[in-house]
Amino acid sequence: KDKPAVQEGDEKSNALRKRTASEALAPPEQNASKAKPSEEKIDRTTAVIEDIANFAATISALRKKRSMPADLLKADECAKFKERSTGLVEDKSNVQISCMCSYGPLVAVGSNVGKVAIFDSTRGQVMEGADIRHENPITSVSFVHSSGLVDSGESAEKAKMLVSDGSGVVRLWAPEGPMYTAKGELPLTGAAAKVVSISMHASGSYFMATGNEDSWYLCDVNKLDCVKVCKDSNASTSGGLTCGAFHPDGMLTCTGLAKGPTTLWDVRSGGLAGQLTGHDSGISSVSFSENGYHMATSDASEDGSVRVWDLRKLQEIKCLPLMPEGKSRICTVQFDNSGRFLLAGGETGISVYGAKQQWRTLYSNSCGPVPAATFGPSARWFTVGSAGNKFTLYGV
């Protein structure tokens, strides 16, 4: 198969897309003129975009000084991953795990019955009293926190949570003692649509919500409102949007289609920054490495694969099967907070790949269907969901 590249078009349009993405990924000081406010009164959207640009400058400077955590997983330790603990979202036969995320020692697990369970990896048990429920199936969960450079996991117990469901609503939950209380909700899509993913901006002040029809939404966490709506004109003829994510610097976002290319968007303009083709079918999941250089996407087809992209060149650098014995539909893909390891889960099991090991498979487990998975701090453990209501924590 020919090497995937930026979506076909004339040389001028492809060059423009590359330049647009390169500008968004460039150090903020190179784009200083774009971040300055105009002489006219700054409206709300402009002010938010300026705040995002300023934060990009801050995090870029911090990244140059960063150091990896002392306990970061080593590649040769991956062979030691073993089942350490398990939990149930709810002890009912009709429950199916739909999504999950982690922050520090906590793991939030969403389900098709509208229930979100909070699992404490330190104690190895589900937190009692954290009764988070929606009337519709949970489609995405995300702790509200500043991702910074490498997540330390501090104050996770006090972190708020964003939860989306099949009605197109995003609800904000906050811990109050052992309980979580709903603090407000934000309807984003029409009655026939839903939010398929939530992705936090690195500042912790904003989030991106992706609708399954044709739009993604830039939203303010504290005000719980929508700041900007960006529409994908190809979505209506490509089966709609399936996933989305914020780039670590916050100046780009990415969305996947049910049938079509992976699209990069410029947060400033809301316009196209680049398109990547290569998957045989649609995209089921997308994740960025911490330094923002790489992006991983997973294939929703039965002959699925994980593809790794170099965003500096806008081209594919590796195609990875989920399991050594063959391909299968991939449900989820996620980089750890250091960007050194990549976790993928699908119909036949899970695999961990090493970025510093030329994306070699460092661990795999034919554990059966994995609809959702997430890394813990320093990649020393990860949690995977099963086809039913059980989730399992693997650690070294």
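The following refers to the structure shown. Per chain, residue numbering runs from 1 following the sequence as it is written. Given that the model is predicted, a residue must reach a pLDDT of at least 70 before its local features are reported, and side-chain atom pairs must reach 80 or more before they are shown or counted; all residues, however, enter totals for whole chains, interfaces and linings. Note: side-chain values were computed over all heavy atoms of the structure, leaving out hydrogens and water.

### Here we look at the pairing of strand β10 (residues 179–187)
Inference 1: In this description, strands pair whenever DSSP reports at least two bridges between them. Helical segments are the DSSP runs of H or I of at least four residues, strand segments are the runs of E of at least two, and each set is numbered from the N terminus. Both strand β9 (residues 169–176) and β10 contribute to a ladder of 8 bridges, which runs antiparallel. Bridge assignment links L172 to a residue of β10, and that residue is G184.
Inference 2: Between the end of β9 and the start of β10, which pair antiparallel, lie 2 residues, with G177 showing a positive phi angle near 70°.

### Brief notes about the sheet that holds strand β26 (residues 360–365)
Inference 1: The 4 strands are arranged β23-β24-β25-β26 in an open sheet whose pairing can be described as antiparallel. A single partner strand is all that each edge strand has here, and the edge strands are β23 (330–335) and β26. Strand-to-strand twist of the sheet, defined as the mean angle between neighbouring strand axes without regard to direction, takes the value 20°.
Inference 2: Of the strand pairs in this sheet, β23 and strand β24 (residues 341–346) are connected by 5 bridges, and their pairing is antiparallel. Bridging from a neighbouring strand, Q334 pairs with L343 of β24. Here the axes come from fitting lines to C-alpha atoms, over the contacting stretch only for helices, and the angles between their N-to-C directions go from 0 to 180 degrees.

### Quick look at the packing of aromatic side chains
Inference 1: Two aromatic rings from Phe, Tyr or Trp, using only the six-membered ring of Trp, form a pair when their centres are within 6.5 Å; if the ring planes differ by under 30 degrees the pair is stacked, by over 60 it is edge-to-face, and anything between is tilted. In this structure the tally under the stated criterion is 8 aromatic pairs.
Inference 2: Judged by centre distance (6.0 Å) and plane angle (75°), the rings of F335 and W359 are edge-to-face. Here the residue F335 occupies a position in strand β23, and W359 occupies one in the loop between β25 (350–354) and β26, the gap between them amounting to 24 residues. The pair formed by F335 and W359 is uniform in burial state, with each residue classed as buried.
Inference 3: Members of the aromatic cluster, each reached through a chain of ring pairs, are F81, Y363, F375, F382 and Y394.
Inference 4: In this arrangement the basic side chain of R312 is found over the ring face of Y293, its NZ or CZ atom lying 4.2 Å from the centre. Using a 1.4 Å probe on the protein chains alone, a residue whose accessible area is under 20% of its type maximum counts as buried, one over 50% counts as exposed, and one in between counts as partly exposed. In our convention, an over-ring charge means Lys NZ or Arg CZ found within 6 Å of a ring centre and within 35 degrees of that ring's normal.

### Focus on the nonpolar core
Inference 1: Buried Ala, Val, Leu, Ile, Met, Phe, Trp, Tyr and Cys residues that are joined via side-chain atoms within 4.5 Å together make up what is termed a nonpolar core. V116, I118, F143, M161 and Y180 are the most contacted members of the largest nonpolar core, which has 18 residues in total.
Inference 2: Elements that contribute at least two residues to this core include exactly β2 (97–103), β3 (106–111), β4 (115–120), β7 (138–143) and β8 (161–165).
Inference 3: Here a residue-residue contact requires only that any non-hydrogen atoms of the pair lie within 4.5 Å. Those residues in contact with M161 that lie beyond four places of it in its chain are A108, V116, I118, I132, S142, F143, V144, R171, L172, W173 and Y180.
Inference 4: Judged by nonpolar contacts, the second largest core, of 17 residues, contains L72, L343, V352 and V370.

### Overview of the sheet that holds strand β20 (residues 294–299)
Inference 1: Spatially, β19-β20-β21-β22 is the arrangement adopted by the 4 strands of the open sheet, whose pairing is antiparallel. Two strands bound the open sheet, and with one partner strand each, they are β19 (283–288) and β22 (315–320). Strand-to-strand twist of the sheet, defined as the mean angle between neighbouring strand axes without regard to direction, takes the value 20°.
Inference 2: In terms of strand pairing, strand β21 (residues 306–310) meets β22 through 5 bridges, oriented antiparallel. Opposite V306, over in β22, you have L320 as the bridge partner.

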